[in-house]
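# Overview (structure and organization)
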Amino acid sequence: MSPMSPEDYEELIALLDGRIDELTKPIPSKQVLRFAEAIRSADSGDYARRGFYGEEDYANLLSVQEIVKEQLPGILENIRAHSIDSEGGWRMSNVDAMDGDHGLCAICRDPFQHFERTAEVHLLDMHANAFRGVCRPCVRNYAPLAFTERADVREWLKQNREVCESLEANPKTEKQRVALIDAVRRHAHSTHYFGDIFRSARDWVKSAAGEWR
């Protein structure tokens, strides 16, 4: 084998650099979308026949599911937060409704509920002049200083730092209680039947431990 020349080394390094970039740099969002659409178009199969993917694909697809579930919410949260105009995209509003301002935070999509006063933002995918409620953690994390340093906003941020008083003495049990409440609220707010779900939830959950399917 003939020895490699400096030009050969440079070409090899360029090829390796290109391969490293291909494996480590994020791909454009349009390409991610094409991958997702390809998965959606795949035949999933049924009880009588095997679909497009089989046992040899299971580990790969499971990893894809875990990566998307873990990474995508944070990416979307960051995009939503940084799309807000720092001057006109944040505001405080009075809340007159008895159940306050509630729903899924416009930025992180976690449940929130505010009484009397609420913080709202305008996002890139909303109609002009439309605003949506934001949870206190996202106001602390993403709002510009000009907004959070306002006297009324500082006072508002001091309220309900832990959302509500603990009902369970054991911190782990209390954390699980809050997680269950948030899971129900997240599901209810993601549909058009928020009120119906909440009114029925207490009766429905009685069957959770014993109903056979």
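Residues numbered from 1 in each chain as written. Predicted model: local features only at pLDDT ≥ 70, side-chain atom pairs only at ≥ 80, totals over all residues. Heavy atoms only, no water.

Helix and strand content of the protein chain: eight helices and five strands. Going from N to C terminus, the protein chain has its helices and strands arranged as α-α-α-β-β-β-β-β-α-α-α-α-α. At 25 Å, the protein chain has a C-alpha radius of gyration far larger than the 17 Å of a compact globule built from 213 residues. C-alpha extents for the protein chain along the principal axes are approximately 80 × 55 × 40 Å. Summarising the internal contacts of the protein chain: among those between residues at least 6 apart in sequence, 45% fall at separations of at least 24. For the protein chain, the accessible surface area stands at approximately 16800 Å², while carbon and sulfur atoms represent 55% of it. (Helix = DSSP H or I, 4+ residues; strand = E, 2+ residues; numbered from the N terminus. Rg over C-alpha atoms; globule rule 2.2 N^0.38 Å. Contact = heavy atoms within 4.5 Å. Areas by Shrake-Rupley, 256 points an atom, 1.4 Å probe, with all protein chains shown as cover.)

Bringing the confidence of the model for the protein chain into the picture now. Put simply, the protein chain has an average pLDDT of 88, and 94% of its residues get 70 or more. Across the protein chain, element-level confidence peaks in strand β1 (residues 90-94) with a mean pLDDT of 96 and bottoms out in helix α1 (residues 6-24) with 73. (pLDDT = per-residue confidence, 0-100.)

So, on to the packing of helix α7 (residues 171-189) against helix α8 (residues 194-204). At their nearest, the axes of α7 and α8 sit 8 Å apart, and the two run at 145° to each other. The way α7 lies across α8 gives a crossing that is right-handed. Only F194, I197 and F198 of α8 make contact with α7, whose side of the interface consists of V184, R185, H187, A188 and H189. Each residue belonging to the contact of α7 with α8 can be placed in one class, and the counts come to five nonpolar, two polar and one charged. (Axes fitted to C-alpha atoms, helices over the stretch in contact; angles between N-to-C directions. Left-handed = near helix turned anticlockwise from the far one by under 90°. Nonpolar A, V, L, I, M, F, W, Y, C, P; charged D, E, K, R; others polar.)

This paragraph deals with the sheet that holds β1. The sheet built from three strands is open, its strands ordered β1-β4-β5 with antiparallel pairing. Only two strands of the sheet have a single partner each, and these edge strands are β1 and β5 (132-134). On average, adjacent strands in this sheet sit at an angle of 50° to one another, irrespective of strand direction. Judged from the three bridges that link them, strand β4 (residues 117-121) and β5 form a sheet pairing that is antiparallel. Bridging across to β5, V121 finds its partner in R132. (Pairing = 2+ DSSP bridges.)

For the structure shown, the criterion picks out 13 salt bridges. Between E56 and R50 there is a salt bridge, with the nearest N and O atoms lying 3.1 Å from each other. On the accessibility criterion, E56 (55% relative accessible area) is exposed. With its nearest N and O atoms 3.7 Å apart, the salt bridge here joins R185 to D182. (Salt bridge = Lys/Arg side-chain N within 4 Å of Asp/Glu carboxyl O. Buried < 20%, exposed > 50% of the residue type's maximum accessible area, 1.4 Å probe, protein only.)

This brings us to the environment of K158. With respect to the helices and strands, K158 occurs in helix α6 (residues 151-158). By relative accessible area, K158 is classed as exposed at 60%. It is 42 Å that separates the C-alpha atoms of K158 and T24, two residues lying 134 residues apart in sequence.

It is a general feature of regular strands that their side chains alternate between the two faces of the sheet. Most of β4 sits inside the fold, with four of its five residues counted as buried. For β1 and β4, the ladder comprises five bridges, and the chain directions are antiparallel. Looking at the pairing, R91 lines up with E120 of β4.

Our next topic: the side chain of H114. Of note, H114 is situated in strand β3 (residues 111-114). The buried category is assigned to H114, whose relative accessible area is 3%. Excluding residues within four positions of it along the chain, H114 makes contact with V95, G100, D101, A119, V134, C135, R136 and W156.

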